[in-house]
Amino acid sequence: MSDAPTPQRPSVNGWNGQFLDEQFDLYKADPASVPPETRAFFQGFELASSQSPGAGKKASGEASSLQAGADGLIAAYRGLGHVASKLDPFGRTAQRPPALSLEFHGLSQADLDSRVDATSIGLDASTPLRNVIENLERTYCGTVAIEIMHIQDRDERMWLLERVERNGGRIDIEKGLRVHVLEQLTRAEAFEKFLGKRYPGEKRFSLEGGESLIPLLDRLIEELSNHGTDEIVLGMAHRGRLNVLCNTMGKTYEQIFTEFEESWEDDFASGGGDVKYHRGYSATRVMGNGKSVHLAMASNPSHLEAVGPVVMGRTRAKQRLRGDKDKALVTPVVIHGDAAIIGQGIVAEAMNMSQLDGYSVGGSIHVVVNNMIGFTTLPEDGRSSRYCTDFAKGIDAPIFHVNGEDPEAVITAATIAAEYRRRFGKDVYIDMYCYRRFGHNEQDETSFTQPLMAQLIKEKQSTLSVYAERLLGEGVISEKDISSIRRRLDEALELAQKAARETPQDPTIEPGSARWSGLGQAYSFEEAVTAVDPAVIAEVCGALGRVREGFKVNRKLQRLLSDRAALPDTKKISYADAESIAFGTLLMEGVAVRVSGQDSRRGTFSHRHAVLRDAESAEPYLPLNHIGQMGEPGTDHPPGTQTPDGGMYQAKLCVYDSPLSEASVLAFEYGYSLADPKMLVCWEAQFGDFVNGAQVIIDQFLAGAESKWQRWSGLTLLLPHGYEGAGPEHSSARMERFLQLCGEDNMQVCYPSTAAQTFHMFRRQVRREFRKPLIVFTPKSMLRVPTSDISELSAGTFQDIMDDPGFSSGTFDRSKVKRVVYATGKLTHELTERRDARGDGSTAIIRVEQIYPFNAERARSVDALYPKGAERCWAQEEPRNMGAYLFVADQFRNELGFDPRYIGRRANSTPAVGAKAVHKVEQEQLLTDAVGPKPAQPEKTDQPQPAKASA
């Protein structure tokens, strides 16, 4: 199979005649139905034609008026037939657009028996117009409504037209499949009714009214398996989730009833857990075609659409681990609600990523359970567009609207969607119109807000009843067969509930998978071995300073490369150097590294330069991917295995400049980290302040997933932080918000002050025997400032709390200390510089490198080095109500027995002032309060100064 085409809008000059004719007919039917540039072209064409003799002919200029009218009618049906389709589950008639009438195209009833060329829709070259219209009505105005004419790529559009028009918009469904669909509808309905009867006061977010989702997913999974997929990652909101877990995923009745009985005490013993309609599950199903497919349902909070990019990231990681370059083996399926898909911005953000190099997954299949309502909000109050899927036209995705009351229409849409995804590797949408028999949950009273719809629903036969009557009428199945299916299911449900009450069944699955083997979940302060042999470090530095032959390095970067290569000799390293060396040494050990963020290739502060661009051709080059021979996951030579010459295949650095999004990209990287715990996965904010755009992902996934869903992640967040007078939105990464979320050792919050600390911190993240999210505050102004000797990378480990080097080195006398100042990160350097400039040995500056989990034992041992009578203080750049103060003060009180005096800015409503001059005054006051005023500079004089006396 060839690579999927990249959708591009061709220029007007690049259009061929047939496409131009199609677009012109569509434009005549409805100018708004064609893209703006196309519309502008035809408006100009009409203007010119109105001023020219003989104007108004069809663009080809040769067809008869009858044939021209027929062609225009075909184009109108292709572009607007969906407007007149039978999507409403209550049978309400849609208003037909004028473009679907004979008169609009200069035709009349008298022309119905005239013959036209209908080969363009798969009919004969001489077909009565009446038959052409019947075929178009069946194809485009039935219970499947298709939107494909917005797709600019001609190959895609023509393939879809042929596939849809091949058999009047339907696929052949044999008797066995129809009976199978009936049984699935029966299972879906019986499950919901049983729960409603036995647990009437429980929220379950019933699927009643949308039962066709179950046969839709079943057909989708089987069709995907026919196209090579053997693993599917699913994400969905609450509506119908329990039904899908049971009838699609294979979660047993006993497990689900145990959750309703709340009889599995392990779920709640530690104060964690989550409601049953948020939890994920995974299982392997053998489909009707005999093929096995592993299904993994992602856990999801009440922020309904947040799970979409999580599913994408998890899929992408699985594809990489399996060497699935065609992205056929693992497929993402995301199930949406109609109000959420159009209302939640993260959906559009994820859609925008769908065809980008760093985030593509070979196309997601989107299924909308379209209840035609939100909580209580109707579509006319919830969106400005006709359909909830209209934004998908922005990426040229085909959209299949389908009436959920016609299960066979649903099967058709699922079949073609699976074919399209495999052939073109792009997203596709199935918008299933249905209804919600009850309110948002079963306790809601819908008649308060939607009395007319509530009455329609009350009078409505179920989808199962309608389809059963249809099959009975066509002789496909008998009453006896239907009764047998129902009786068997009722008995199974009764027995399962009894069994669950007698012997509760664990409703969850074993956390992790084979890839998580050997990794526990308990946090430990015991450090892993992170030091690296100097020879290996030298090899990495050599690669950092090297480019391939003929590569033209930007002249401003030549010095940088030579400096990197010389680091083993010059010794002094910065945060940026330490990060690159940490990544490189991990790659040499077979540990892959992924970094994603809005400017991550170069680095917002020009500190990384992980990707170099040829100054003449702009071709990219990643130095760290050329240390040694590259290994490939899913092959005979994976990273970390031995090369023929006795070396080791290195892993790959994957670094991407992301879209201008925080929420969706962070969610993607979180999903990625779930599937590959052996990879260092990093998300970097352009400025740390911008992380608040992803607050939902941090709150609902990063902080709580372990407690709620027993799901672990080693995702690392890199958040540029520090006060340099850049204003309220370029100063603070909001450390206080992360610390408020800390509990049960759920995350690591670090602000490393030296390059060596940075190096060991990155390496320990994948070298310890557990995984916890790592939040790193990176010092913007100090990213390129040397703070360590390279020898420190070959000895020691990360230190949660660092003693003052001025005292540990013997420069100052501990016994004379009158004040112990605790601080973090960049500020510790400014405090130390001020203290050293004053030559003041009465102040000690202790560096808290990891704020959480707080290493109380280490803190006590360091604090005990200084006189008990010395004043203890906490200094920070952030306002009093922000930063780490309130958190660490509580730790100091509880663990060390003292309440530190606060030194820093007053409480404020914004993180920083806007004026740089005011910032400097504030910062000077902070340093003065903590250490003392800046020493006076000696007056300049022409007289020689006396020599200083020796100590």
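These lines cover the structure that appears in this document, whether it is placed above or below. Every value quoted in this text rests on a predicted model; they were computed, and no experiment measured them.

As a further point, take the overall build of the protein chain. A count of helices and strands for the protein chain gives 31 helices and 26 strands. C-alpha extents for the protein chain along the principal axes are approximately 115 × 80 × 60 Å. Here the protein chain holds 951 residues, and the buried ones make up 57% of them. Sequence separation of 24 or more characterises 79% of the internal contacts of the protein chain that already satisfy a separation of 6 or more. Carbon together with sulfur atoms contributes 49% to the accessible area of the protein chain, which is approximately 38700 Å² in total. Averaging the coordinates of the 110 positive side-chain charges in the protein chain and doing the same for the 129 negative ones gives two points 3 Å apart.

The subject of this paragraph is the pairing of strand S4 (residues 231-236). Within S4, 6 of the 6 residues are buried, which leaves it mostly tucked inside the rest of the structure. Of the two faces of S4, both are covered, the one formed by Glu231, Val233 and Gly235 as well as the one formed by Ile232, Leu234 and Met236. The sheet contact formed by S4 and strand S6 (residues 292-297) spans 4 bridges and is parallel. Paired with Glu231 across the bridge in S6 is His294.

Okay, the sheet that holds strand S9 (residues 399-403) next. Spatially, 8 strands are ordered S3-S9-S10-S8-S7-S4-S6-S5 in an open sheet, and the strand pairing comes out mixed. Of all strands in the sheet, those bounded by a partner on one side alone are strand S3 (144-147) and strand S5 (281-286). Across the sheet, the mean angle from the axis of one strand to that of its neighbour is 20°, orientation sign disregarded. Bridge count between S4 and strand S7 (residues 330-337): 6 bridges; the pairing is parallel. Paired with Gly235 across the strands is Val334, a residue of S7.

Let's shift gears to the packing of aromatic side chains. The description of an aromatic ring pair rests on the distance of the ring centres and on the angle between the ring planes. On inspection of all chains with the given rule, the structure shows 32 aromatic pairs. Aromatic pair Tyr359 and Tyr656: ring centres 6.2 Å apart, planes at 55°, arrangement tilted. A residue pair is termed long-range when its members are at least 10 positions apart, and Tyr359 in the loop between helix H12 (345-353) and strand S8 (365-370) and Tyr656 in strand S15 (residues 653-657) qualify at 297 residues. Note on Tyr359: relative accessible area 1%, which makes it buried. Ring geometry for Phe892 and Phe898: centres 5.1 Å apart, planes at 35°, overall tilted.

On to the sheet that holds strand S25 (residues 871-879), then. Pairing is mixed in the open sheet, where 5 strands are placed in the order S21-S23-S22-S25-S26. Every other strand in the sheet has two partners, leaving strand S21 (801-802) and strand S26 (901-905) as the edge strands with one partner each. Where helix H30 (residues 885-896) meets the sheet, it contacts strand S22 (819-823), S25 and S26, and its direction lies at approximately 160° from that of S25.

Contact geometry for helix H28 (residues 825-838) and helix H31 (residues 916-930): axes closest at 10 Å, N-to-C directions at 65°. For the pair H28 and H31, the crossing hand works out as right-handed. Judged by residue contacts, Lys826, Leu827, Glu830, Leu831 and Arg834 of H28 engage Gln923, Glu924, Leu926, Leu927, Thr928 and Ala930 from H31. The residue makeup of the contact of H28 with H31, split by class, is 5 nonpolar, 2 polar and 4 charged.

Let us look at the nonpolar core. Judged by nonpolar contacts, the single largest core of 130 residues is most densely connected at Leu717, Leu719, Val749 and Ile851. Counting residues per element, this core draws most heavily on helix H22 (residues 663-675), which supplies 9 residues. Excluding residues that lie within four positions of it along the chain, Ile851 makes contacts with Met735, Leu739, Val749, Tyr751, Thr824, Ala884, Phe887 and Val888. Ranked by size, the runner-up nonpolar core spans 108 residues in total, among them Ile148, Ile221, Ile416 and Ile509.

Let us look at the environment of Thr119. Along the chain, Thr119 turns up in the loop between strand S1 (115-116) and strand S2 (127-128). Relative accessible area serves as the criterion here: at 48%, Thr119 is assigned to the partly exposed category. Through-space distance from the C-alpha of Thr119 to that of Gly688 is 60 Å; in sequence the pair is 569 residues apart. Residues within four places of Thr119 in sequence aside, it is in contact with Asp124 and Ala125.

This part takes up the pattern of salt bridges. Tallying each qualifying case throughout the model produces 57 salt bridges. A salt bridge links Asp390 to Lys393, with the shortest nitrogen-to-oxygen separation between them at 3.4 Å. Since its relative accessible area comes to 28%, Lys393 is described here as partly exposed. Salt bridges here are not isolated pairs; linked through shared partners, they connect Arg170, Arg178, Asp406, Glu408, Arg470 and Glu474.

Moving on: the state of the cysteines. Counted by the stated rule, this structure contains 0 disulfides. In this structure Cys682 is a free cysteine whose sulfur lies 12 Å from that of Cys654, the closest cysteine sulfur available. The exposure class of Cys682 is buried, given its relative accessible area of 0%.

So, about the side chain of Glu223. Tracing the backbone shows Glu223 in helix H7 (residues 213-226). For Glu223, a relative accessible area of 9% puts it in the buried group.

Looking now at unusual backbone geometry. Trans is the prevailing form of peptide bonds, just as negative phi is the prevailing case for residues other than glycine. The amide bond that connects Tyr852 to the next residue, Pro853, takes the cis arrangement and shows omega of -10°. Checked against the element boundaries, Pro853 lands in the loop between strand S24 (850-852) and helix H29 (856-863). Phi is positive for Lys327, close to 55°, though the residue is something other than glycine. Looking at where Lys327 falls in the secondary structure, it is placed in the loop between helix H10 (307-321) and S7.

Another point: the pairing of S6. The sheet contact formed by S5 and S6 spans 6 bridges and is antiparallel. Bridge pairing links Tyr281 to Met297 in S6. The antiparallel hairpin formed by S5 and S6 contains 5 residues in its connecting segment, where Gly290 sits at a positive phi of about 85°.

Our focus in this paragraph is the environment of Gly518. Within the secondary structure, Gly518 sits in the loop between helix H17 (479-502) and helix H18 (534-544). On the accessibility criterion, Gly518 (63% relative accessible area) is exposed. For the pair Gly518 and Glu769, spaced 251 residues apart in sequence, the C-alpha separation works out to 7.0 Å.

Okay, H29 next. Every buried residue of H29 is accounted for by Ala856, Ala859, Val862 and Asp863. Seen from one end, H29 has its buried residues packed into an arc of 125°, which puts them on one side. Check the buried side of H29 and you find it contacts S21, S22, strand S23 (843-848), S25 and H30.

A few words now on the packing of helix H6 (residues 175-198) against helix H16 (residues 463-473). The contact between H6 and H16 brings their axes to 9 Å, and the two run at 155°. The angle between H6 and H16 falls in the class roughly antiparallel. Seen along the crossing, H6 lies across H16 with a hand that is left-handed. Together, Arg178, Val181, Leu182, Leu185, Thr186 and Glu189 of H6 and Thr463, Leu464, Tyr467, Ala468, Arg470 and Leu471 of H16 make up the contact between the two elements. For the contact of H6 with H16, the class distribution of residues is 7 nonpolar, 2 polar and 3 charged.

Reading the values: rules and limits
Residues numbered from 1 in each chain as written. Predicted model: local features only at pLDDT ≥ 70, side-chain atom pairs only at ≥ 80, totals over all residues. Heavy atoms only, no water. Helix = DSSP H or I, 4+ residues; strand = E, 2+ residues; numbered from the N terminus. Buried < 20%, exposed > 50% of the residue type's maximum accessible area, 1.4 Å probe, protein only. Contact = heavy atoms within 4.5 Å. Areas by Shrake-Rupley, 256 points an atom, 1.4 Å probe, with all protein chains shown as cover. Lys, Arg positive; Asp, Glu negative; His and termini not counted. Charge placed at Lys NZ, Arg CZ, Asp CG, Glu CD. Pairing = 2+ DSSP bridges. Axes fitted to C-alpha atoms, helices over the stretch in contact; angles between N-to-C directions. Phe/Tyr/Trp six-rings, centres within 6.5 Å; stacked < 30°, edge-to-face > 60°. Left-handed = near helix turned anticlockwise from the far one by under 90°. Nonpolar A, V, L, I, M, F, W, Y, C, P; charged D, E, K, R; others polar. Core = buried A, V, L, I, M, F, W, Y, C linked by side-chain atoms within 4.5 Å. Salt bridge = Lys/Arg side-chain N within 4 Å of Asp/Glu carboxyl O. Disulfide = S-S within 2.5 Å. Arc of directions from axis to C-beta. Parallel < 35°, antiparallel > 145°, perpendicular 65-115°, else oblique.

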